[in-house]
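# Coordinate analysis (summary)
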Amino acid sequence: MTEEDDPDDPAAHRNQVREGYDELARTYAAEREQDSEELALIEELYARIDDASPRVLDAGCGDGRAASQPLSELGAAVVGLDVSRSQLELASETVGRTVEGNDIPLVQGDLTSLPFEDDAFGGICALHSIIHVPKTEHESVLEEFARVTAAGGWLLLTVGAGAWEGENPDWLDGGAAMRWSFHGDEWTRETLDEVGFTVADARTIGDELGGGEWRYLLARRA
């Protein structure tokens, strides 16, 4: 982010997140360990999708190990999307071919404007991704999730237990900044309902990197 950028501008916010992950993709991958409860929720998401060969979007896929890999191994046709080119390059190395040589398509894109057709997916897994989007754009993200999810499809979403905004100028001691911005659980539930999702389950899981807690919402598209 340059000196001319307004830190309150949503575009500058998104650029800072992208630049942070571009710089620290490998550091983040080395630091993050998947919680067994999170993996169980991914398995539950897959189990709830009706299609025998479901197409699932990993929205904010990172290096792909958290959701793309286990979903592919379960039998889903996964598409990975991330704003960071470095994360996608890492994903191509780690999970580009995970099951019987099948490719996982990887797409660079923004959650506020998904580059996919309506009703394109039977499910979406969005782990620790919307929490980096400016709060003013969360409703747009949820509307996009509803647009690309087929009727009866499912969404697994990580959100904040409470509302919070903040920045770490030296995230993971790696010399790059990172930003977070999110509403609380109640706002997210109400907005999901407004855009066409019904929350069926909610879990709270501790954050291994920050020491706090995250809410995981499992919701169905009407």
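Everything quoted here is computed from the prediction, not taken from an experiment.

Cut-offs used in this document
Residues numbered from 1 in each chain as written. Predicted model: local features only at pLDDT ≥ 70, side-chain atom pairs only at ≥ 80, totals over all residues. Heavy atoms only, no water. Axes fitted to C-alpha atoms, helices over the stretch in contact; angles between N-to-C directions. Helix = DSSP H or I, 4+ residues; strand = E, 2+ residues; numbered from the N terminus. Parallel < 35°, antiparallel > 145°, perpendicular 65-115°, else oblique. Left-handed = near helix turned anticlockwise from the far one by under 90°. Contact = heavy atoms within 4.5 Å. Nonpolar A, V, L, I, M, F, W, Y, C, P; charged D, E, K, R; others polar. pLDDT = per-residue confidence, 0-100. Phe/Tyr/Trp six-rings, centres within 6.5 Å; stacked < 30°, edge-to-face > 60°. Buried < 20%, exposed > 50% of the residue type's maximum accessible area, 1.4 Å probe, protein only. Pairing = 2+ DSSP bridges. Right-handed = clockwise from strand over helix to strand, strands pointing away.

## Re the packing of helix 5 (residues 138-148) against helix 6 (residues 185-195)
Packing of helix 5 against helix 6 leaves a shortest axis separation of 9 Å and a crossing angle of 45°. Comparing their axes, helix 6 and helix 5 come out oblique. Both helix 5 and helix 6 take part in a crossing whose hand is right-handed. Each of His138, Glu139, Leu142, Glu143 and Ala146 in helix 5 lies in contact with helix 6, whose residues at this interface are Trp187, Thr188, Thr191, Leu192, Glu194 and Val195. Of the residues assigned to the contact of helix 5 with helix 6, the class counts are five nonpolar, three polar and three charged.

## Quick word on the packing of helix 1 (residues 10-31) against helix 4 (residues 85-94)
Packing of helix 1 against helix 4 brings their axes to within 7 Å, and their N-to-C directions diverge by 40°. Put simply, helix 1 runs oblique to helix 4. Taken as a pair, helix 1 and helix 4 cross one another with a handedness that is right-handed. Residues Tyr21, Asp22, Ala25, Arg26, Tyr28 and Ala29 of helix 1 touch helix 4, and the partners they reach there are Arg85, Ser86, Gln87, Leu90 and Glu93. When the residues that make up the contact of helix 1 with helix 4 are grouped by side-chain class, the tally is five nonpolar, two polar and four charged.

## Notes on the confidence of the model for the protein chain
Taken over all residues, the pLDDT of the protein chain has a mean of 90, while the share at 70 or more is 91%. Of all the helices and strands in the protein chain, strand 3 (residues 97-99) carries the lowest mean pLDDT, 57, while helix 5 carries the highest, 98.

## Thoughts on unusual backbone geometry
A positive phi is found at Asp119, a non-glycine position, where the angle reads about 55°. Along the chain, Asp119 turns up in the loop between strand 5 (106-108) and strand 6 (121-126).

## With respect to the side chain of Glu44
Take Glu44: it is sitting in helix 2 (residues 36-48). In this view, Glu44 contacts Asp201, Arg203 and Leu218; residues no more than four positions away in its chain are not counted.

## Section: the packing of aromatic side chains
All chains considered together, the criterion is met by eight aromatic pairs. For the pair Tyr21 and Trp171, a centre-to-centre distance of 5.3 Å together with 80° between the ring planes defines the contact as edge-to-face. Of this pair, Tyr21 sits in helix 1 while Trp171 sits in strand 8 (residues 164-171); the two residues are 150 residues apart in sequence, bridging distant segments of the chain. As far as burial versus exposure is concerned, Tyr21 and Trp171 are alike and both buried. Here the aromatic residues Tyr21, Tyr28, Trp164, Trp171, Trp180, Phe182 and Trp214 are joined through ring pairs into a cluster of three or more.

## Some details on the pairing of strand 1 (residues 55-59)
The side chains of a regular strand alternate between both faces of the sheet. Counting buried positions along strand 1 gives four out of five residues, so the element sits mostly inside the fold. Alignment of strand 1 against strand 2 (residues 77-82), held across five bridges, turns out to be parallel. Looking at the pairing, Ala59 lines up with Leu81 of strand 2. Crossover strand 1 to strand 2 through helix 3 (residues 68-74) is right-handed. Note that strand 1 and strand 6 share three bridges and pair parallel. When the bridges of strand 6 are listed, Leu57 appears paired with Ile124.

## Quick word on the sheet that holds strand 2
Strand pairing within a sheet occurs via backbone hydrogen bonds; the two strands may be parallel or antiparallel. The sheet built from seven strands is open, its strands ordered 5-2-1-6-7-11-10 with mixed pairing. Two strands bound the open sheet, and with one partner strand each, they are strand 5 and strand 10 (197-206). Within the sheet, the average angular offset between the axes of one strand and its neighbour, ignoring direction, is 15°. Packed onto the sheet, helix 2 meets strand 6, strand 7 (149-160), strand 10 and strand 11 (213-221) and runs at close to 160° relative to strand 10. Running at roughly 15° to strand 11, helix 6 makes contact with strand 7, strand 10 and strand 11 of the sheet.

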